[in-house]
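Remarks on the overall topology
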Amino acid sequence: MLVQSPDLPVAPPCSAEAVRQLATPSDQPFRLTCRAVLNGTEVRRPVLIEGAEASGAGLDCGGGRIVAPGEATTTRPTVAIWSRRDGAGWSRPVGVVVSDCVVVGNIRIWGMGAGGSMRDLLASSRTADHTTAAQSAAPLATTLDRIRFEGGGTIPLYVGPGVTRTTVIRSRFRGRSTSVALYLDAESAGAVIRDNDFDIRTGREQIAVDGSGANRIENNRFVLNGRGGIFLYRNCGEDGVIRHQTPSYNQITDNLFYRAGWLRPRLVVVGSREGRRPYCDDDAGWPFGSSLDDGDGATGNRVSGNRAVG
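About the cut-offs
- Residues numbered from 1 in each chain as written.
- Predicted model: local features only at pLDDT ≥ 70, side-chain atom pairs only at ≥ 80, totals over all residues.
- Heavy atoms only, no water.
- Disulfide = S-S within 2.5 Å.
- Helix = DSSP H or I, 4+ residues; strand = E, 2+ residues; numbered from the N terminus.
- Buried < 20%, exposed > 50% of the residue type's maximum accessible area, 1.4 Å probe, protein only.
- Pairing = 2+ DSSP bridges.

**Some thoughts on the state of the cysteines**
Evaluation of the coordinates by the stated rule reveals 3 disulfides. There is a disulfide in this structure between C61 and C101, and the S-S distance comes to 2.0 Å. Linking C61 and C101, the disulfide has an S-S dihedral of approximately 80° and is accordingly described as right-handed. Linking C61 in the loop between β4 (58-60) and β5 (65-67) with C101 in strand β9 (residues 97-104), this pair joins segments that are 40 residues apart in sequence. With respect to class, C61 is no different from C101; both count as buried. Sulfur-sulfur distance for the disulfide between C236 and C280 comes to 1.9 Å. Between C236 and C280 the sulfur-sulfur dihedral comes to about 40°; the bridge is accordingly right-handed. Highlighted residues: C236 in the loop between β22 (230-233) and β23 (251-253) and C280 in the loop between β25 (268-270) and α4 (289-292), separated in sequence by 44 residues. Residues C236 and C280 agree in their burial class; the two are buried. Each disulfide in the chain links cysteines that, numbered along the sequence, combine into the pattern 1-2, 3-4, 5-6.

This is the structure in structure tokens:
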């Protein structure tokens with residue numbers, strides 16, 4: 001059942017025709033602006049939840065799958081929760097809920113930079129109030145509850161620049177990713193990652209906290225297979241975008257890690273990069289953020305109660 005916080009908008013129920021269209025195979029995204037309860041019906045097309053008109057929208061799959069034709073990529077996700085340029089500002093969805101779904105591919109939550117264009121994000125990063133601007137433009141208060149992510153190579157869940165108050169609970173990460181399982185990108189904040197099960201083959205660590213702050217990652221279970229667990233850093237200079245916020249004031253507590261590396265377990269690493277990347281100078285020339293200092297700047301983080309098991 002779709003449950004929404006009383007302080008957030010609630011969209012009307014979807015019509016029977018909208019539910020029928022969701023279940024109709026297509027390579028064209030279905031624009032969801034209502035609340036659909038599918039009772040196990042498979043969705044065989046991409047789902048796009050975009051702009052303020054999608055605030056309060058929801059999708060309860062009843063255990064059914066969402067399978068988009070073709071390969072899920074960063075610019076063509078299985079489920080996209082995106083903001084849209086609207087004149088001089090941004091139209092963003094608030095209070096979206098997706099629950100009890102099997103997502104084959106990935107979910108992308110993006111504000112500036114949605115759809116792959118980095119122009120607005122790059123320009124904004126060269127202003128002193130970029131963190132505020134990015135957060136004001138990005139989706140707010142998205143809830144993902146009881147999602148089974150079946151990764152096929154791309155990052156299963158990407159929380160993009162400036163996205164705030166994302167909740168991921170009671171979900172499972174399976175399949176594979178050439179990178180990480182969950183990415184919290186620069187200027188994002190306030191995510192709650194709780195009571196999830198990560199048993200996915202990754203090329204890197206399980207969760208990347210890249211210039212993302214004030215998140216709570218707690219009571220999760222990770223099967224590492226020798227890879228890293230949760231890494232906090234600031235990815236200075238990538239794509240020329242200045243990272244303003246540091247990975248600070250996060251709470252990473254009471255997580256269990258299985259099959260950690262024997263010599264270097266690397267469960268939680270605070271400050272994992274400190275500028276050690278060839279592109280760190282690509283954002284040089286500005287008196288703030290990673291342009292001024294390539295260091296991770298990770299401060300005020302609470303890391304406690306995390307355990308390697310076995």
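There's more to say after this.
**Examining the sheet that holds strand β15 (residues 182-184)**
The 9 strands lie next to each other as β1-β3-β6-β10-β12-β15-β19-β22-β25, forming an open sheet whose pairing is parallel. At either end of the open sheet lies a strand with only one pairing partner, and these are β1 (30-31) and β25. Sheet analysis places β15 next to strand β19 (residues 207-210), joined by 3 bridges and oriented parallel. The residue of β19 that forms the bridge with L184 is V209.

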